[in-house]
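# Coordinates in review
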Amino acid sequence: MFDDSVSPLLQGATLSGGLFWALALYIPLSGPLSRFEASLESGPLNESWRQAALVISSLLLALAVGVVVQLILGWALGPGWASSLALISIGWGLFISLARR
């Protein structure tokens, strides 16, 4: 099913599952970046560079955590199940956000 000569990080299921987990975790992980945003405001960067740095850092954080979650759940449940769980998390998050409105 999977080629053993390919690193687990480069397998398609790991990458797609990591992206799904990054999407599912983007908003919850963006909240704690407020301290980083406050430190950027006191720095020498102008507004557009601060915004770009904040967006890039939150995307990289979500992607890194997403890949780690996918690797752990892929090891415990299998890559397909871990990716499916990420899609369920995305759907559940959308359902909860719409239900709160």
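All of the points below concern the structure found in this document.

What counts and what doesn't
Residues numbered from 1 in each chain as written. Predicted model: local features only at pLDDT ≥ 70, side-chain atom pairs only at ≥ 80, totals over all residues. Heavy atoms only, no water. Axes fitted to C-alpha atoms, helices over the stretch in contact; angles between N-to-C directions. Helix = DSSP H or I, 4+ residues; strand = E, 2+ residues; numbered from the N terminus. Parallel < 35°, antiparallel > 145°, perpendicular 65-115°, else oblique. Left-handed = near helix turned anticlockwise from the far one by under 90°. Contact = heavy atoms within 4.5 Å. Nonpolar A, V, L, I, M, F, W, Y, C, P; charged D, E, K, R; others polar.

At a closest axis distance of 10 Å, the pairing of helix H2 (residues 34-41) and helix H3 (residues 47-77) adopts a crossing angle of 155°. Put simply, H2 runs roughly antiparallel to H3. Considering the relative orientation of H2 and H3, their crossing is right-handed. Counted together, Phe36, Glu37, Leu40 and Glu41 of H2 and Arg50, Ala53, Leu54 and Ser57 of H3 form the full contact between these two elements. A per-class count over the contact of H2 with H3 returns 4 nonpolar, 1 polar and 3 charged.

Turning our eyes to something else, we now look at the packing of H3 against helix H4 (residues 79-99). Relative to each other, H3 and H4 sit at 130°, their axes nearing to 7 Å. By the angle class used here, H3 and H4 are oblique. Remark: the crossing between H3 and H4 carries right-handed chirality. Contacts between H3 and H4 involve Gln70, Leu73, Gly74 and Leu77 from the former and Pro79, Trp81, Ala82, Ser83 and Leu85 from the latter. Looking at the contact of H3 with H4 residue by residue, the classes come out as 6 nonpolar, 3 polar and no charged.

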